[in-house]
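# A structural walkthrough
Now for the letters of each chain:
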Protein chains: 2
Amino acid sequence: MDTQADRATTAHRSARDERRVVRPPIDLGEQRYRVERQIGYLLRRAHQRASAIFQEQIGDPNITPTQFSSLVKLHEDGEVSQNQLGRLVGMDKATTQGVMRRLKTRNLVSARADPGDARRTLLRLTAEGDRLVQRLIIAGPRVTTETLKPLNPDEQRQLVNLLARIA
Amino acid sequence: MDTQADRATTAHRSARDERRVVRPPIDLGEQRYRVERQIGYLLRRAHQRASAIFQEQIGDPNITPTQFSSLVKLHEDGEVSQNQLGRLVGMDKATTQGVMRRLKTRNLVSARADPGDARRTLLRLTAEGDRLVQRLIIAGPRVTTETLKPLNPDEQRQLVNLLARIA
DNA sequence: GCCTGATTGTTCGCTTACGAACAATATCGC
DNA sequence: GCGATATTGTTCGTAAGCGAACAATCAGGC
């Protein structure tokens, strides 16, 4: 068989040619595999777009989506241990360590040893961190609105509910 | 006002306490802001889970989702320039450079200068890369199946369609 | 008490992701 | 032909994300 990807498909194209010689997608029995319809691919793309919208709407170029989630959770819960916060926000413990290190450097979060468990570090917002959350959270709903703009309200609710079930 | 997050909420807890003193979410007029219902947060979590399922189903621990998408696209299109591939797969040009560098190092992709445009680098699969795609693509549908398992077929179609519209 | 196993947090290495700056090249208007 | 503008690909810096290894500490069983 000749599954080699080198038929004479690349005859001659003009320099800024964006058309490409498209071969049919790989045939897998009855269903064809198209990357653009795979859930993982779509989630990656949608997440990229959502992050971009977050950055442009939130106003502060130094705050990332993950940092924002962490700060909001700390605001709600007051004081939690580092791993606990990671679980609440969906971060690996190595990731959590990095995110918290950066927030502590910027004086948005403070840490102290847990008096009841020497392994743990308790985290909380500083006064500055608290002020920042209060200020940024106003933009939160705008991020969601803008990200979901292509859908009508009914579809927006559907999407959120379906996503919550596979997350 | 006392918006400071330091009421006596942290009285005394047992050491391995996972219950936390939950404050009500921040009130923003009529709607409350809950991180767990924000589209960006859900997309991040769902994407994490999908990536984990990809890694466990694809069989090859050295192939990432992004690399897989790139390889499949190269298989379909034969030969494309680097930036072109990036656009097809949804990668920044800096990201594309990194991904391609690693695939070239592993001898899965080869590159040559575009004879018609000295700025461009044309990429294609090597024979080894082609064989790898043929082998891995079998697992592709399994990844999707597993990721969408919590939903029934109707909901699965809905989710894919909605995601495609906000991606 | 002591030993085993679990949890906590750190560190290392690697990948994706992206903004910004940059040099080389191509294109378009005139 | 020439100059302004755009595209291509590289490099640098920074962040999220995660597996793996590690030391310190805790909890449970006996």
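Residues numbered from 1 in each chain as written. Chains lettered and ligands numbered in written order. Predicted model: local features only at pLDDT ≥ 70, side-chain atom pairs only at ≥ 80, totals over all residues. Heavy atoms only, no water.

## Here's the deal with unusual backbone geometry
Residue and element names in this part refer to chain A. The backbone phi angle of Asn107 is positive, close to 65°, even though this residue is not glycine. Within the secondary structure, Asn107 sits in the loop between helix H4 (93-105) and strand S4 (109-113). Asn107 sits in the partly exposed class, given a relative accessible area of 45%. (Helix = DSSP H or I, 4+ residues; strand = E, 2+ residues; numbered from the N terminus. Buried < 20%, exposed > 50% of the residue type's maximum accessible area, 1.4 Å probe, protein only.)

## Some words on the pattern of salt bridges
Counted according to the given criterion, the structure contains 18 salt bridges over all chains. A salt bridge links Glu36 of chain A to Lys73 of chain B, with the nearest nitrogen and oxygen atoms 2.3 Å apart. Of this pair, Glu36 of chain A sits in the loop between strand S2 (31-32) and helix H1 (39-58) while Lys73 of chain B sits in helix H2 (residues 65-77), on two different chains. The buried category is assigned to Lys73 of chain B, whose relative accessible area is 7%. Glu79 of chain B is the partner of Arg124 of chain B in a salt bridge, and the nearest nitrogen-oxygen pair spans 3.6 Å. Of this pair, Arg124 of chain B sits in strand S5 (residues 121-125) while Glu79 of chain B sits in the loop between H2 and strand S3 (80-81), and the two are 45 residues apart along the sequence. (Salt bridge = Lys/Arg side-chain N within 4 Å of Asp/Glu carboxyl O.)

## Focus: the protein's contact with DNA strand C
Around DNA strand C sit 25 residues in total, of which Gln82, Asn83 and Thr121 of chain A together with Thr64 and Arg102 of chain B are the nearest. Sugar plus phosphate, as a fraction of atoms of DNA strand C within 4 Å of the protein: 76%. Within the side chain of Thr64 of chain B, an N or O atom sits 2.7 Å from a phosphate oxygen of DNA strand C. Within the contact set of DNA strand C, a phosphate oxygen lies 2.3 Å away from a side-chain nitrogen or oxygen of Arg102 of chain B. Breaking the surface near DNA strand C down by element, the ones donating at least two residues are H1, helix H3 (82-89) and H4 of chain A together with H2 and helix H4 (93-105) of chain B. (Near = heavy atom within 4 Å. Polar contact = N/O pair within 3.5 Å; in protein donor to acceptor, adjacent residues only side chain to side chain.)

## Here's the deal with the protein's contact with DNA strand D
The environment of DNA strand D is made up of 25 residues, and the closest members are Thr64 and Arg102 of chain A together with Gln82, Asn83 and Thr121 of chain B. Among the atoms of DNA strand D close to the protein, meaning within 4 Å, 74% are from sugar or phosphate groups. The side chain of Gln82 of chain B places a nitrogen or oxygen atom 2.6 Å from a phosphate oxygen of DNA strand D. Taking Arg119 of chain B, its side chain carries an N or O atom lying 3.1 Å from a base oxygen of DNA strand D. Contributions of two or more residues to the surface near DNA strand D are made by helix H2 (65-77) and H4 of chain A together with helix H1 (39-58), helix H3 (82-89) and H4 of chain B.

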